[in-house]
Amino acid sequence: MDSTIASILLLDGLTNGAVYALLGLATVLVFTVTRIIFIPQGEFVAYGALTLAIFQTGKVPGTVWLLLLLASVAAVMELFSRWQHHRSLPIALKAALKTLAAPVAVSLLAIWAAPQQWPLLAQAAMSVAIVTVYGPLVYRVAYQSLESATPLVLLIVSVGVHFALTGLGLLFFGAEGFRNPSFWDDRFNLGPVAISGQTIIIGLTAIALIVLLWLYFERTLRGKALRATAVNRTGARLMGISTHASGQLTLTMAAFIGALSGLLIGPTTTVFYDSGFLIGLKGFVAAVAAGLSSYPGALIAAAFVGVIEAFGSFWASAFKEVIVFTLILPVLLVRSIYGHNADEEH
Amino acid sequence: MALKPQSLGLLVLAAAVPLVAVLPLPDFWITQLNYIGMYAMTALGLVLLTGVGGLTSFGQAAFVGIGAYTTAWLTLNLGVSPWITLFIGMVLTAASALVVGVITLRMSGHYLPLATIAWGLSLYYLMGNLDALGKYDGLLGIQSLSIGNFDIGQGRAFFVLTWFILLAFAAALLHLLDSRAGRAIRAIKSGPQMAEAMGISTFRYKVTIFVLAALSASVAGWLLAHFQRTVNPSAFGLKMGIEYLFMSVVGGVNYVWGAFVGAGLIKLMDDQLQVLLPRLIGTSGSYEVIVFGVMLVLVLKYLPDGLWSMVEKKLPRRPRAVDWQQAAPLPERNKPALGELVLDVDRIRKQFGGLTAVNDISFQIRAGQIVGLIGPNGAGKSTTFNLITGVLSLTSGTVSYRGRRVSGLPARAIAREGVSRTFQHVKMIPDMTVLENVALGAHTRGHKGVAAAMIRTNSDEERRLFREAQRQLERIGMGEYLHEQAGNLAMGPQRLMEIARALCADPALLLLDEPAAGLRHKEKQALAGVLRQLRDEGMSILLVEHDMDLVMQVCDHLVVMEFGTLLTQGTPEQIQQDPKVRAAYLGTEH
């Protein structure tokens, strides 16, 4: 291997690493606020990429129908639980309509816009919007009533949600894979390495999103409320912070990050309905390496995962997944030796 | 001795197996039962690991894979007999489970499932890419199992083999759960603190049950390889690992029979859905995962204890037959002579960052003395307590017990020396009886481990442990509660039960953390009586308590703390007269 190949691999790894970093951040975010180990993060990636791909063909993406279905289920659940609580039909109906509003609006827009072949960026924005509204609905339907369950139960629920979303992905997108067009086709030569526009977009988006997240958590009241929920749920509730709202907001952000990652990675690889899982899990490996608690830690670990994967696929391409996923064992070993011994109370 | 319902169920099933084999059932159903048997075996491991131990693994399928590939490769390439490869597979499985377990089980609970996800994935890709293992096509033409020239690898003969192994494992598991080791395993789930205070190494038991669960999967893999006569990676991927967890959760992850119910239900549903759904939808594909995913969420929401819990509720609960009256008493440690120095706390200090929670506290306890540790809220009493028992580490200073330095030792080692404790918030296993909870206290006085429990060579020791537990319960006046579920007790009896559990360890020093909190007046009087009686028997006691009546009544010596420092110490009379103490509790006049 000469330095040219090495630098190409390094760039390749860092590009993928940037996407893994976003997914790792989302995983850390969801875990710290809700204690949910959010396995289905990857499904949002696939949904995002595939929704754009279907828009490109001028059809209404299956995610729209699934969204309407999910929103109806959530609305019925909301109607029922409010009715049980207040015994007042207007309140219950209002809550149900509130649940339906955003998904229906986004869906109608998508159904209307799909045949009109909007420019790529507009379609991309619409794809992100569709997948983002999945976030609070998934939380409402699967997690909300189990908020006080142990992390272990929530993890098993996550697995169930992952199963369901993967299967539904197959149902609504089919088994066919898609590769999205690049957002920026120009290439720039930087010494021996050619940097594509897409790489620059990935890098810039990742950095922008990380800065935004940081600003949100440091500078806004809502962000601080989420951090409070992360530290102490009961305490946050006593301060008037709703854990339902926090959970829904967190999953909204996770879905947004997932969809965006899907758009970023869509032009670099063929995405199938079940591709998200592996991509998400790599972000996951990074998050776990960072102890599911540190944002900068997840960022560095994700870059590392990306680079290892790039070099792994050069030297032993068949075994690159083996290398990436086995990597977690030594990382955990180091953590268990140097980390403080978690003497947790259940 | 009357049979317990569990054992009776096993016997009935064991008798039914050969019967089913000779019945004119269609071969299709025998094949189904064979698969259900192998799946149930793997799911049983999860009952032990997840239901009883509170740990979760998605890696069961990977361990099935190790068992299957080991026997496949060895029988095909080296011509080794399957009866030998079974054990080689188990050794390999145990080794890899040990590595994963040792690495992840020191950390908090969710690292094991995460590590097993990664581990399951990498093993899947490894199997799928190694030339020697036939890549994604797998290995074909594996021999059927046989004894001599008699083929037992298919159909009815295989059914009998699989189900006898399965029932033997279920029996072993039932025995294990009702034993010294089993009680220790059941203690893990509610957090390590109580178990460690009973002298139990929670880490060792966690690794043990993880390895045991992996071994059950490995045996199932061995059976699977020789039954299907072919192995390929898809049966051992993460999806299958999740399905095993699904089986045990749906069936009832807390119950041995839940694994049977879950495995049966999921196998049958899987078959039906794989045919039905593609026909409904119009294209082929594994749509059954949608149903499984939704079902998993629904089960966790509405039936978190699984299907078997509904059956279990209907089953009669019979109290344990008392058969330990004649058992030999457990050996006792030699006790310090009256007045001998038992605990020497020398300038201990604990800092949390910039906060000094305990500031150079010193005091002593002599044999046959009750020392009260008092002070206003936030004075650092509980921290002091945790420093002595080894739950927290000292910043500086030393704690010596009977002349031996114990500071720096882990909590369980201090417990083994003969220092027993109770907890401010009662820590017990609510679904075990009072007697079983108390027997947990005698853990360090027994020696029979997991293997002995599984093959039932521990009954003599079990009887001795129960005899001791009953003796201690009667000692503190709880004799009529033996067979009550601990979770049903009121606060007062719960606290007394904790004291009995601590006494079961045969301690020379008893540390009681607010034993009177939440007790009624009568119960407090009874507690005072118990404490005085223990002292008269030569026990040394350190009492952290807010109830001044009780403290003044029973203590020989008081240590008063305020803001982490030692305010004063002396007899109850001296303390009552001390203006500094009054100021600390009531404030000063200005």
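Residues numbered from 1 in each chain as written. Chains lettered and ligands numbered in written order. Predicted model: local features only at pLDDT ≥ 70, side-chain atom pairs only at ≥ 80, totals over all residues.

## Examining the overall build of chain A
So, point 1. Within chain A one finds 15 helices and two strands.
So, point 2. In summary, chain A has a C-alpha radius of gyration of 21 Å against a globular reference of 20 Å for 346 residues, a match within 12%.
So, point 3. Dimensions of chain A along its principal axes, counting C-alpha atoms only, are 70 × 60 × 35 Å.
So, point 4. Counting every position in chain A, which comprises 346 residues, the buried fraction comes to 50%.
So, point 5. Pairs at least 24 residues apart make up 77% of the contacts formed inside chain A by residues separated by at least 6 positions. (Helix = DSSP H or I, 4+ residues; strand = E, 2+ residues; numbered from the N terminus. Rg over C-alpha atoms; globule rule 2.2 N^0.38 Å. Buried ≥ 20, exposed ≤ 12 C-beta atoms within 10 Å, placed from the backbone. Contact = placed C-beta atoms within 7 Å.)

## Remarks on the overall build of chain B
So, point 1. For chain B, the count of helices and strands is 23 helices and 14 strands.
So, point 2. Taken along its principal axes, the extent of the C-alpha atoms in chain B is 90 × 55 × 45 Å.
So, point 3. Across the 590 residues of chain B, 52% fall into the buried class.

## A look at the sheet that holds strand β6 (residues 355-366) of chain B
Residue and element names in this part refer to chain B.
So, point 1. Here we have four strands laid out as an open sheet, ordered β6-β5-β8-β9, and antiparallel in their pairing. Lying at the two open borders of the sheet, with one neighbouring strand each, are β6 and β9 (404-405).
So, point 2. Where strand β8 (residues 396-401) lies against β9, two bridges are found, and the strand directions are antiparallel. For Ser400, the partnering residue across the bridge sits in β9 and is Arg405.
So, point 3. Along the sheet, helix α14 (residues 381-389) makes contact with β5 (341-352), β6 and β8, crossing β6 at roughly 65 degrees. (Pairing = 2+ DSSP bridges. Axes fitted to C-alpha atoms, helices over the stretch in contact; angles between N-to-C directions.)

## A short note on the domain arrangement of chain B
All names here are of chain B.
So, point 1. Each assigned domain of chain B is listed with its residue range as follows: domain 1 (5-237) and domain 2 (341-418 + 507-586).
So, point 2. A separation of 49 Å is found between the C-alpha centroids of domain 1 and domain 2.
So, point 3. Taken together, the contact between domain 1 and domain 2 spans seven residues of the former and six residues of the latter.
So, point 4. A breakdown of the residues in the side of domain 1 that touches domain 2 according to their chemical character gives three nonpolar, three polar and one charged. (Domains from an automatic or database assignment. Nonpolar A, V, L, I, M, F, W, Y, C, P; charged D, E, K, R; others polar.)

## Looking at the sheet that holds strand β14 (residues 565-570) of chain B
Residues and elements named next belong to chain B.
So, point 1. A sheet is described by the order of its strands in space; here six strands give the open sequence β10-β11-β12-β7-β13-β14, paired in mixed fashion. Pairing within the sheet leaves two strands with one partner each, and these edge strands are β10 (419-421) and β14. Shown here is a sheet whose adjacent strand axes are inclined to one another by a mean of 20 degrees, direction ignored.
So, point 2. In this sheet, strand β11 (residues 509-513) lies alongside β10 in parallel orientation, the contact comprising three bridges. In the strand pairing of β11, Val419 is matched with Leu509.
So, point 3. Relative to the sheet, α14 contacts β7 (370-374), β10, β11, β12 (540-544) and β13 (557-562), its axis offset from that of β11 by approximately 150 degrees.
So, point 4. Against the sheet, helix α23 (residues 579-586) engages β13 and β14, with an angle of about 130 degrees to β14.

## Notes on the interface of chain B and chain A
So, point 1. If you look at the interface, chain B gives 38 residues, while chain A gives 43 residues.
So, point 2. For the side of chain B that touches chain A, the secondary-structure elements that each account for two or more residues are α4 (82-104), α5 (111-129), α8 (192-197), α10 (238-251) and α12 (288-302) of chain B.
So, point 3. A per-element tally of the side of chain B that touches chain A places α5(B) first, with 10 residues.
So, point 4. For the side of chain B that touches chain A, the per-class residue count stands at 24 nonpolar, 12 polar and two charged.

## Details of the UniProt feature "transmembrane region" (unreviewed entry) in chain A
All names here are of chain A.
So, point 1. According to UniProt, the positions carrying the feature "transmembrane region" (unreviewed entry) are residues 6-31, 64-83, 95-114, 120-139, 151-175, 195-217, 238-265 and 322-338.
So, point 2. Secondary structure content for residues 95-114 is 95% helix and 0% strand, and the end C-alpha separation is 29 Å.
So, point 3. Counted over residues 195-217, helix gives 91% and strand 9%. Its end C-alpha atoms are 33 Å apart. (UniProt positions renumbered as here; feature names shortened; annotations may be inferred.)

## Things to note about the pairing of β14(B)
Residues and elements named next belong to chain B.
So, point 1. Note: β13 against β14, five bridges, orientation antiparallel. Within β14, the position partnered with Leu558 by the bridge is Gly570.
So, point 2. Hairpin connection, β13 to β14: the antiparallel pair is bridged by two residues, and Phe563 has positive phi, about 50 degrees.

## Remarks on the UniProt feature "transmembrane region" (unreviewed entry) in chain B
All names here are of chain B.
So, point 1. The sites that UniProt annotates as "transmembrane region" (unreviewed entry) are residues 82-103, 110-127, 157-177, 207-225, 245-268 and 280-303.
So, point 2. For residues 82-103, the helix share is 100%, the strand share is 0%, and the end-to-end C-alpha distance is 31 Å.
So, point 3. Note that residues 207-225 is 100% helix and 0% strand, and that its end C-alpha atoms are spaced 27 Å apart.

## So, the nonpolar core
So, point 1. One finds Ala21(A), Val285(A), Ala286(A) and Leu44(B) to be the most contacted residues of the largest nonpolar core, which totals 305 residues.
So, point 2. When residues in this core are grouped by element, the largest group, 16 residues, is from helix α9 (residues 202-228) of chain B.
So, point 3. Two domains share this core, each providing at least three of its residues, namely domain 1 (5-237) and domain 2 (341-418 + 507-586) of chain B.
So, point 4. Not counting residues within four places of it along the chain, the set of residues in contact with Ala286(A) comprises Tyr20(A), Ala21(A), Gly24(A), Ala298(A), Ala301(A), Ala302(A) and Val305(A). (Core = buried A, V, L, I, M, F, W, Y, C linked by C-beta atoms within 7 Å.)

## Here we look at unusual backbone geometry
Negative phi values dominate among residues other than glycine, just as trans dominates among peptide bonds.
So, point 1. Even without being a glycine, Arg87(A) presents a positive backbone phi close to 55 degrees.
So, point 2. One can find Arg87(A) in the loop between α3 (62-86) and α4 (89-113).
So, point 3. Phi is positive for Glu514(B), close to 50 degrees, though the residue is something other than glycine.
So, point 4. Residue classification places Glu514(B) among the buried positions, given that 20 C-beta atoms sit within 10 Å.

## Overview of the packing of helix α1 (residues 3-34) of chain A against helix α12 (residues 275-289) of chain A
Residue and element names in this part refer to chain A.
So, point 1. At a minimum axis separation of 7 Å, α1 and α12 run at an interaxial angle of 65 degrees. One element, α1, and the other, α12, form an angle in the roughly perpendicular class. When the axes of α1 and α12 are compared, the crossing they make is right-handed. Counted together, Tyr20, Ala21, Leu23, Gly24, Thr27 and Val28 of α1 and Ile279, Gly280, Lys282, Gly283, Phe284, Ala286 and Ala287 of α12 form the full contact between these two elements. (Parallel < 35°, antiparallel > 145°, perpendicular 65-115°, else oblique. Left-handed = near helix turned anticlockwise from the far one by under 90°.)

## Some words on the pairing of β8(B)
Residue and element names in this part refer to chain B.
So, point 1. By the bridge criterion, five bridges tie β5 to β8 in an arrangement that is antiparallel. Its bridge partner being in β8, Asp344 is matched across the sheet by Ser400.
So, point 2. Adjacent in sequence and paired antiparallel, β8 and β9 are bridged by two residues, among which Arg402 carries a positive phi angle near 50 degrees.

## Details of helix α8 (residues 197-219) of chain A
Three or four residues apart is the spacing at which side chains of an α-helix point the same way, because the helix has 3.6 residues per turn.
Residue and element names in this part refer to chain A.
So, point 1. With 23 residues, α8 extends 32 Å between its outermost C-alpha atoms, agreeing within 8% with the 33 Å of an ideal straight helix rising 1.5 Å per residue.
So, point 2. What α8 keeps buried is the set Gln198, Thr199, Ile202, Ala206 and Leu209.
So, point 3. Residues of α8 that are buried make contact with α1, β2 (193-196) and α11 (243-265). (Expected span 1.5 Å × (residues − 1).)

## Digging into the packing of α12(A) against helix α13 (residues 295-315) of chain A
Residues and elements named next belong to chain A.
So, point 1. Contact geometry for α12 and α13: axes closest at 8 Å, N-to-C directions at 135 degrees. Taken together, α12 and α13 sit at an angle that is classed as oblique. As α12 packs across α13, the resulting crossing turns out to be right-handed. Facing α12, whose interface residues are Lys282, Gly283, Val285, Ala286, Ala287 and Ala289, α13 presents Ala298, Ala301, Ala302 and Val305.
So, point 2. Looking at the contact of α12 with α13 residue by residue, the class counts come to eight nonpolar, one polar and one charged.

## Some thoughts on the confidence of the model for chain B
So, point 1. Looking at chain B, the pLDDT average stands at 89 and 98% of residues meet or exceed 70.
So, point 2. We note a pTM of 0.90 for the whole complex and an ipTM of 0.86 for its interfaces. (pLDDT = per-residue confidence, 0-100.)

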